[in-house]
Amino acid sequence: MRLAAIQMVSTPDVDRNLEQAATLVARAAAGGAELVALPEYFCLMGRQDGDKLAVAEAPGHGPIQQALSDWARRHGIWLVGGTLPLAREADPLHATNSCLVFGPEGRQASRYDKIHLFRYDDGERRYDESQTLCPGRQPAAFEARARDGTAHRVGLSVCYDLRFPELFRALMQPPCDLLVVPAAFTRPTGEAHWELLLRARAVENQCYVLAPAQGGRHENGRSTWGHSLLVDPWGRVLDCRPDGEGLVTGTLDPAVLRQVRQQLPALEHRVLGPGLPATAAGD
Ligand SMILES: NC(=O)CCC(=O)C(=O)O
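Residues numbered from 1 in each chain as written. Predicted model: local features only at pLDDT ≥ 70, side-chain atom pairs only at ≥ 80, totals over all residues.

Let's shift gears to the overall build of the protein chain. For the protein chain, the helix and strand inventory stands at six helices and 17 strands. Radius of gyration (C-alpha) of the protein chain: 18 Å, near the 19 Å computed for a compact globule of 283 residues. The principal-axis extents of the C-alpha atoms in the protein chain amount to approximately 55 × 50 × 35 Å. (Helix = DSSP H or I, 4+ residues; strand = E, 2+ residues; numbered from the N terminus. Rg over C-alpha atoms; globule rule 2.2 N^0.38 Å.)

Written as structure tokens, this is what we have:
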């Protein structure tokens, strides 16, 4: 299955971001991609945290969701729609940061609400997503069919989730072939941890990892790390885009998945699970 991750430098202008995303999705599809993934916050990197609430759409309605569905149908692709804020009737002051997936017929195939909300303060940069977002509760995966008819289980996660390996373990029951991580990592944390974490998730889960990112200097004054990546189940980086808008592409090859899992059957050797006994005191 041919894959593409889209890297963007999104702005506070939703229409401009949608235009840019449409161009990049079309370019990915023209290059043969069957599954295309957009980055976190592809439709908005606002000036203030609260801007997310202003563009939040009701689930199943609104121009951002319509655009995602149209692009998936027009190009006949699986589209992992980065993230967009979805409104919650119960609490209008907190949206979910949601990743919606649309299939080649333009129908919504999955929804994942980011579970782990980012908080960071190094004295210079401060982020606290919980001010305007509400966490999801449920891991999500879906089945994408390649044009040759092969079905692939695809696990969803978003950005800061990458730091929580237990989420990815939960997605591996049953095993995924591909983990997608739409992201907007900060520059300092990205430089220190991004590639390391993505390759770790690929190696420990013996999975392809596709990570579309925000990458550059945004109009709101923030900088994101970029380095959108495709990693194979052996931890090899197949493609990377360091900075600016563009594409990362490559192929999910079932033979490589089989070979890695047969050669080194680590997934079968898992002994410890969620119902672990308490750690022994050591005496
Ligand atoms: N948007 C995010 O979740 C940012 C996560 C991040 O930068 C990190 O270091 O983790």
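So, on to the sheet that holds strand 9 (residues 141–145). Strand order in the open sheet formed by six strands is 9-10-11-12-15-16, with mixed pairing between adjacent strands. Two strands lie at the open edges of the sheet, namely strand 9 and strand 16 (237–241), each paired on one side alone. Each strand of the sheet is rotated relative to its neighbour by a mean of 20°, with strand direction disregarded. (Pairing = 2+ DSSP bridges. Axes fitted to C-alpha atoms, helices over the stretch in contact; angles between N-to-C directions.)

Turning next to the site of the ligand. Taken together, the neighbourhood of the ligand is formed by Glu40, Phe118, Cys159, Tyr160, Arg163, Ala184, Phe185, Thr186 and Thr189. For the shell around the ligand, the residue count by class is five nonpolar, two polar and two charged. (Near = placed C-beta within 6 Å. Nonpolar A, V, L, I, M, F, W, Y, C, P; charged D, E, K, R; others polar.)

With that out of the way, let us pick up the environment of Arg153. Relative to the assigned elements, Arg153 resides in strand 10 (residues 151–156). A count of 17 C-beta atoms within 10 Å places Arg153 in the partly exposed class. Counting along the chain gives 35 residues from Arg153 to Phe118, while the straight-line C-alpha distance between them is 27 Å. Those residues in contact with Arg153 that lie beyond four places of it in its chain are Ala141, Glu143, Pro174, Pro175, Cys176 and Asp177. (Buried ≥ 20, exposed ≤ 12 C-beta atoms within 10 Å, placed from the backbone. Contact = placed C-beta atoms within 7 Å.)

Of all six residues in strand 1 (residues 2–7), five are buried; the element is thus mostly enclosed. Summarising the sheet, strand 1 and strand 17 (residues 246–251) pair through six bridges and their orientation is antiparallel. Residue pairing for strand 17: Ile6 is matched across the bridge by Leu247. When strand 1 meets strand 2 (residues 35–37), the two strands line up parallel, connected through three bridges. Opposite Ala4, over in strand 2, you have Val36 as the bridge partner.

Attention shifts here to helix 5 (residues 187–205). Structurally, the α-helix is built with 3.6 residues per turn, so residues lying three or four positions apart point the same way. Taking 1.5 Å of rise per residue, the 19 residues of helix 5 would be expected to cover 27 Å, and the 26 Å separating its terminal C-alpha atoms lies within 8% of that figure. The largest bend in helix 5 comes to about 50°, at His193. Of the residues making up helix 5, those classed as buried are Gly190, Trp194, Leu197, Leu198, Arg201, Ala202 and Asn205. Where helix 5 is buried, its residues touch helix 4 (165–171), strand 11 (178–180), strand 12 (208–211), strand 14 (223–225) and strand 15 (228–231). After helix 5 finishes, the residue Gln206 shows a positive phi value of roughly 50°. (Expected span 1.5 Å × (residues − 1). Bend = angle between axes of the 7 residues up to and from the residue.)

Moving on, we come to the nonpolar core. Formed by 79 residues in total, the largest nonpolar core has its most connected members in Ile6, Leu35, Val36, Leu79, Leu198, Val209 and Leu210. Contact partners of Leu210, with chain neighbours within four places excluded, come to Leu3, Ala5, Ala37, Leu178, Val180 and Leu230. (Core = buried A, V, L, I, M, F, W, Y, C linked by C-beta atoms within 7 Å.)

Right, let's talk about helix 3 (residues 63–75) for a bit. Taking 1.5 Å per residue, 13 residues should reach 18 Å; helix 3 reaches 18 Å between its end C-alpha atoms and fits that length. Taken residue by residue, helix 3 has Ile64, Gln65, Ala67, Leu68, Trp71 and Ala72 as its buried positions. Considered in projection along helix 3, the buried side chains sweep an arc of 160° and stay on one side of the axis. Its buried side turned inward, helix 3 meets helix 1 (14–30), strand 3 (78–80), strand 4 (84–86) and strand 5 (96–102). Following helix 3 by one or two positions, Gly76 has its phi on the positive side, about 60°. (Arc of directions from axis to C-beta.)

Cis peptide bonds are those with omega within 30 degrees of zero, and the linkage from Gln173 to Pro174 qualifies with 0°. Take Pro174: it is sitting in the loop between helix 4 and strand 11. Although it is not a glycine, Gln206 adopts a positive phi angle of roughly 50°. Although it is not a glycine, His227 adopts a positive phi angle of roughly 55°. You can see His227 is positioned in the loop between strand 14 and strand 15.

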